[in-house]
Amino acid sequence: MSTTSDHDIDRPIDHASEAHVLPTLGGFMLGLMRIAFGFYFLWAFIDKTFGLGFATPPERAWLNGGSPTTGFLSRVEGPLAGFYQGMAGNAFIDFLFMAGLAGIGLTLILGMGARVGALCGAVMYLFMYGASIPTTSNPFLDDHLTDAIVMLVIATIPASWEYLGLGRMWRRVAPSFLH
């Protein structure tokens, strides 16, 4: 008889009491996906803050007085252009955007509060999707929408927060609405 974890595929499934069992490797892959998406968000925060020259040149860095929302939002076209262009360069929107990038990135990388971080990430991606309408390579789908779906997958599968991070510890100490 072998010892199995809660997420081990080798454990027999009793269909009357359990809907599914996640393979251990699947949990690790979900954790890796969570960390990778967290790095996207945290890297965007770092590059926009310091102007490291990847997506943001040094002269447009947030620390140098640049607006992290102006470049993207001022060029929005389509039916929602007025809504998004009206937010471009607003200091409060810049702050919210940057706080969102940092918060989403850190929660996803650490696994602590990853459900909340992933839900916020899905909302941010949906806003970016709205700013991308009309899409250029597909009449409906683009990477922002598919990334929002990935964020929802991360938000709804507890193994994605518990593998490769501090999510298991977080679930023990944090209030349930912050899991």
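None of these values were measured; they are calculated from a predicted model.

Some points on the packing of aromatic side chains
- Per the stated rule, a full pass over the model turns up eight aromatic pairs.
- Pairing Phe28 with Tyr163 gives two aromatic rings, centres 4.8 Å apart and planes at 70°, and the pair type is edge-to-face. On the criterion of sequence distance, the pair formed by Phe28 in helix H1 (residues 24–50) and Tyr163 in the loop between helix H7 (159–162) and helix H8 (167–173) is long-range, its members being 135 residues apart.
- Under the relative-accessibility criterion, Phe28 is labelled partly exposed at 37%.

Examining H1
- With 27 residues, H1 extends 39 Å from end C-alpha to end C-alpha; this agrees with the ideal 39 Å at 1.5 Å per step.
- For H1, the full list of buried residues reads Gly27, Leu30, Gly31, Arg34, Phe37, Gly38, Phe41, Leu42, Asp47, Lys48 and Thr49.
- Where H1 terminates, the next one or two residues include Gly51, which has phi positive at roughly 60°.

Quick notes on the packing of helix H4 (residues 91–110) against helix H5 (residues 114–132)
- Running from N to C, H4 and H5 cross one another at 135°; their axes reach a closest spacing of 8 Å. With respect to H5, the element H4 is oriented oblique. Pair H4 / H5 crosses with left-handed handedness. For the pair H4 and H5, contact is made by Phe97, Gly100, Leu101, Ile104, Thr107 and Leu108 and by Ala114, Gly117, Ala118, Cys120, Gly121 and Met124, respectively.

What to know about the confidence of the model for the protein chain
- Across the protein chain, the average pLDDT comes to 88, with 89% of residues at or above 70.
- Of the regions scoring below 50 in pLDDT, residues 12–17 engages in two contacts with residues more than four places distant in sequence or in other chains.

Remarks on a nonpolar patch on the surface
- Judged by side-chain polarity, Leu25, Phe28, Met29, Leu32 and Leu164 come together as a nonpolar surface patch covering roughly 490 Å² of accessible area.
- Within the secondary structure, Met29 is located in helix H1.
- In this structure Met29 comes out as partly exposed when scored by relative accessible area, which is 45%.

Digging into the environment of Ile149
- By the element assignment, Ile149 lies in helix H6 (residues 143–156).
- Residue Ile149 is classed as partly exposed on the basis of its relative accessible area, which comes to 47%.
- The spatial distance from the C-alpha of Ile149 to the C-alpha of Ala118 is 10.0 Å, given a sequence separation of 31 residues.

Criteria and cut-off values
- Residues numbered from 1 in each chain as written.
- Predicted model: local features only at pLDDT ≥ 70, side-chain atom pairs only at ≥ 80, totals over all residues.
- Heavy atoms only, no water.
- Phe/Tyr/Trp six-rings, centres within 6.5 Å; stacked < 30°, edge-to-face > 60°.
- Helix = DSSP H or I, 4+ residues; strand = E, 2+ residues; numbered from the N terminus.
- Buried < 20%, exposed > 50% of the residue type's maximum accessible area, 1.4 Å probe, protein only.
- Expected span 1.5 Å × (residues − 1).
- Axes fitted to C-alpha atoms, helices over the stretch in contact; angles between N-to-C directions.
- Parallel < 35°, antiparallel > 145°, perpendicular 65-115°, else oblique.
- Left-handed = near helix turned anticlockwise from the far one by under 90°.
- Contact = heavy atoms within 4.5 Å.
- pLDDT = per-residue confidence, 0-100.
- Patch = residues over 30% accessible without salt bridge, like charges linked within 9 Å, V, L, I, M, F, W, Y side chains within 5 Å.
- Areas by Shrake-Rupley, 256 points an atom, 1.4 Å probe, with all protein chains shown as cover.
- Salt bridge = Lys/Arg side-chain N within 4 Å of Asp/Glu carboxyl O.

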